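# Structure at a glance
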Amino acid sequence: MSFISESSQTRVPCYRVLEDDGDLISDCDFQQVSKEVAVKMYSNMVTLQIMDNIFYEAQRQGRISFYLTSAGEEAISIASAAALSEQDIILPQYREPGVLLWRGFTLQEFADQCFGNKADYGKGRQMPIHYGSKKHNFFTISSPIATQLPQAAGIAYSLKMDNKKACVVSYIGDGGTSEGDFHAGLNFAAVMEAPVIFFCRNNGWAISTNVSEQFRSDGIVVKGRAYGIRSIRVDGNDALAVYSAVSAAREMAINEQRPILIEALTYRVGHHSTSDDSTKYRQLDEIVYWKKARNPVNRFRNWVQNIGWWSERQETQLRNSVRKQLLEAIQMAEKTEKPPLSELFTDVYDHPPSNLEEQEKHLRETVTRHPKDYPSDISV
Amino acid sequence: RKGASVAVVRSDGRVNLNPKGRRAQQLISNAVATKSDSAAASSSSKPGYDSISDLEHELLLFEALQEGLEEEMERDLRVCVMGEDVGHYGGSYKVTKGLAKKFGDLRVLDTPIAENSFTGMGIGAAMTGLRPVVEGMNMGFLLLAFNQISNNCGMLHYTSGGQFTIPIVIRGPGGVGRQLGAEHSQRLESYFQSIPGIQMVACSTPYNAKGLMKAAIRSENPVILFEHVLLYNLKERIPDEDYICNLEQAEMVRPGEHVTILTYSRMRYHVMQAAKTLVNKGYDPEVIDIRSLKPFDLYTIGNSVKKTHRVLIVEECMRTGGIGASLIAAITENFNDYLDAPIMCLSSQDVPTPYAGTLEEVTVVQPAQIVTAVEQLCQ
């Protein structure tokens with residue numbers, strides 16, 4: 001009689017392609033990227049970084065009510081998106097706007113959602129950063145954690161029925177893996193042989209809960225085997241490693257019709273959101289270390305610069321241009337009207353039923369009768 | 001001691017009067033149903049149809065549900081079924097019997113035991129263009145799927161700005177059965193009625209079961225179809241031709257003049273049984289099976305109230321927070337001027353449904369109570 005130990009002697013190794021300083025690790029197998037893709041990846045990472053900074057500041061100035069940064073995780077969202085095709089369907093958690101950015105969502109579209117104005121595709125109905133865009137195959141973000149995982153299995157099921165050469169990529173954080181939906185989503189995908197890539201961003205923190213308080217396993221990669229799912233652990237701050245792993249995972253998922261689990265190790269440099277001050281529960285020097293010494297954007301820049309695909313001049317130009325565009329986008333979004341009253345009642349059902357029509361009529365009457373008690377910028 | 005015994009009508013029309021002590025021998029596995037043989041009987045649920053046997057066929061309610069589902073799966077390749085034991089097993093109540101064999105085990109999918117997850121899965125599939133029919137083995141288990149049903153199913157069409165639709169049907173048996181215990185006797189319509197973005201319907205006859213199933217599948221909105229554990233073996237002749245029932249319409253079961261009795265699902269049969277007694281006593285009740293639990297068909301209900309001026313609601317939900325509670329509010333708000341008496345509502349008590357047969361029986365509204373209530377209302 002022998003018991004399987006609760007943990008193995010060594011931790012599961014982590015796949016990486018670049019050293020911390022951006023040098024290519026010798027004899028490393030990885031998926032080559034073209035100059036075009038590499039430059040696009042790097043520019044997007046910079047854009048994401050600046051976007052996060054400026055929107056965060058906008059929240060601090062009271063111009064938007066809420067924001068969530070992906071600081072420290074730029075390589076994850078951009079590099080994983082770069083390895084996918086436009087037909088692959090994305091089910092995000094909430095810290096992956098980089099995927100949308102890669103797919104062509106404009107800075108104006110981001111700003112419009114954050115300001116909840118009438119140009120927002122969500123028609124002002126969701127909190128900031130809860131993006132959704134059908135044309136980009138990026139499903140609308142829903143706040144409760146891990147609900148997207150069983151839905152991912154459902155979408156993969158739909159792709160299977162239609163025999164499409166595409167997969168589903170669903171993102172989750174380390175904290176989200178504690179939810180029941182994580183267990184069931186993975187189990188379902190395995191049983192149904194569904195082409196889903198479960199991408200776990202293990203960034204060490206779930207608001208104030210450190211991973212040591214979240215689970216006792218060797219991270220998330222070891223959980224894959226429990227469901228019969230092929231898994232890999234990658235360095236989430238290494239853009240080339242993430243790109244290679246997702247490329248390979250996509251091949252397997254589609255050609256072999258199976259789910260894949262990817263655990264990307266990274267660090268949440270920013271606070272959980274604008275409603276959080278993480279210095280309350282973690283050391284400042286820990287944050288600074290990851291922000292400076294282990295920064296994924298710097299690391300990738302060193303690599304693209306060393307091969308001669310990027311220069312200081314381009315860097316300055318890009319940063320200035322993005323900054324300018326963002327400030328303009330924000331100004332425009334701020335000025336744009338909010339959705340009219342009628343949009344309070346549409347899309348609850350396909351056609352508004354009589355009780356909602358009545359409620360809308362009643363509301364209009366009330367607002368018209370007491371204009372001083374209602375915001376002046378609501379168009380009735 | 002007439003009040004102490006309960007008239008139990010078998011599905012073949014025989015009536016047994018059971019004094020309390022001898023209940024155990026008379027436990028019936030079939031549903032309570034009335035036979036159309038007297039003036040007090042219900043008009044059949046299909047509007048004005050003559051029984052010409054070559055245009056109709058006879059079947060049981062669960063078979064009607066299956067027929068509706070099968071026809072829709074043939075008609076639209078996007079329709080699929082998912083749930084526990086729905087595949088080769090054919091479903092716990094045989095509603096999906098034979099479907100896996102016919103359409104394959106991908107379109108009729110057996111899922112692991114995780115309600116929140118296969119409901120979530122159904123929602124994901126619906127957002128990508130499929131039309132899933134999710135079966136909860138018992139409605140009570142869908143409490144585990146509440147998060148997906150409320151936050152996602154009901155809301156994603158709205159929060160995505162209309163970009164994603166969720167044409168899902170969630171169905172399953174609920175209500176008080178025969179000694180199934182508290183956890184298997186839930187009335188989920190009470191809990192779900194508040195969720196914006198969903199529609200709820202309750203079937204009660206083979207005719208409307210098939211019609212509502214088909215309409216729910218064809219609807220672009222998420223629809224929750226409530227079936228009842230004790231009604232699956234009801235027998236009726238239904239048309240051969242293709243038909244659907246309107247999801248938002250109530251069903252006029254028995255037109256009358258003296259009092260409007262609003263009910264749905266199994267209680268329809270208790271009401272119709274009470275109606276027999278009431279007619280013998282000289283009353284003329286109007287019985288409406290509301291069918292649409294969200295939204296209410298206030299048009300049909302309103303017209304009835306304007307005619308009779310008295311309302312009795314008979315439901316299986318508990319007193320607090322049930323469909324009856326909402327219906328009272330809606331009628332009072334809209335038709336108060338037409339009422340000659342306060343609305344009466346007969347519901348189950350606010351207790352978990354006990355296992356013991358005798359206790360279970362008194363927790364459900366019985367025909368005798370309905371008769372008394374009408375007599376009181378019409379004083």
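Here the structure is shown first, and the text comes after it.
The model shown is predicted, which means the values in this text are computed figures rather than measured ones.

## As for the overall build of chain B
A tally of helices and strands in chain B yields 12 helices and 16 strands. Taking all 379 residues of chain B together, the buried fraction comes to 60%. For chain B, the exposed area adds up to about 14400 Å²; of that, 51% sits on carbon and sulfur atoms.

## Re the side chain of Thr260 of chain B
Residue and element names in this part refer to chain B. Looking at the element boundaries, Thr260 is found in strand 12 (residues 259-263). A relative accessible area of 0% means that Thr260 is categorised as buried. A polar side-chain atom of Thr260 sits 2.6 Å from a polar atom in the side chain of Ser304. If sequence neighbours within four positions are ignored, Thr260 has contacts with Glu286, Ile288, Ser304, Val305, Thr308, Arg310, Val311 and Leu312.

## Comments concerning the pattern of salt bridges
Residues and elements named next belong to chain B. The tally for this structure, following the rule as stated, stands at 46 salt bridges over all chains. Linking Asp76 and Arg78 is a salt bridge whose minimum nitrogen-to-oxygen distance equals 2.9 Å. Note on Arg78: relative accessible area 39%, which makes it partly exposed. Residue Asp242 pairs with Arg218 through a salt bridge whose shortest N-O separation is 3.4 Å. Taken as a pair, Asp242 in the loop between strand 10 (235-239) and strand 11 (251-254) and Arg218 in helix 7 (residues 206-218) lie far apart in primary sequence, 24 residues in all. Shared partners join several salt bridges into a network, and the residues in it are Glu67, Glu71, Glu72, Arg75, Lys210, Lys214, Arg218 and Asp242.

## What to know about the side chain of Lys210 of chain B
Looking at the secondary structure, you find Lys210 of chain B in helix 7. For Lys210 of chain B, a relative accessible area of 0% translates into the label buried.

## Describing the interface of chain A and chain B
Contacts between the two partners involve 38 residues from chain A, matched on the other side by 41 residues from chain B. In total, chain A and chain B occlude about 3300 Å² of area from one another, counting both sides; carbon and sulfur atoms represent 63% of this. Among the residues of chain A in contact with chain B, Tyr157, Phe188 and Tyr349 of chain A are the three that bury the most area, contributing 20% of the side total. Scanning the region where chain A abuts chain B turns up zero salt bridges. Taken together, the links from chain A to chain B amount to 13 residue pairs in polar contact (both at pLDDT 80 or more). Mapped onto the side of chain A that touches chain B, the elements with two or more residues apiece are helix 5 (148-161) and helix 6 (180-192) of chain A. With nine residues, the single largest contributor to the side of chain A that touches chain B is helix 5 of chain A. Partitioning the side of chain A that touches chain B into residue classes produces 17 nonpolar, 12 polar and nine charged.

Rules used throughout
- Per chain, residues are indexed from 1 in the order of the written sequence.
- All chains are assigned letters beginning with A, and all ligands numbers beginning with 1, in the order in which they are written.
- Only residues with pLDDT of at least 70 are given local features in this predicted model, and only at 80 or more are side-chain atom pairs given and counted; all residues enter the totals for whole chains, interfaces and linings.
- Hydrogens are left out, water is left out, and the side-chain values use all remaining heavy atoms of the structure.
- Note on conventions: DSSP H or I runs of at least 4 residues are helices, E runs of at least 2 residues are strands, and numbering of each starts at the N terminus.
- Burial classes follow relative accessibility: with a 1.4 Å probe on protein chains only, a residue under 20% of its type's maximum area counts as buried, one over 50% as exposed, and anything between as partly exposed.
- Surface exposure here means Shrake-Rupley accessible area, sampled with a 1.4 Å probe, where a residue is shielded only by the protein chains that are shown.
- Polar contacts, as counted here, are pairs of nitrogen or oxygen atoms within 3.5 Å of one another; within protein the pair requires one atom able to donate a hydrogen and one able to accept it, and residues that are adjacent in sequence qualify only if both atoms are side-chain atoms.
- Residue contacts are counted whenever heavy atoms from the two residues lie within 4.5 Å of one another.
- One speaks of a salt bridge when a side-chain nitrogen belonging to Lys or Arg is within 4 Å of a carboxyl oxygen belonging to Asp or Glu.
- Summed over both partners, the accessible area lost on bringing two parts together, with a 1.4 Å probe, is the buried area.
- In this classification, the charged set is Asp, Glu, Lys and Arg, the nonpolar set is Ala, Val, Leu, Ile, Met, Phe, Trp, Tyr, Cys and Pro, and all remaining amino acids, among them Gly, are polar.

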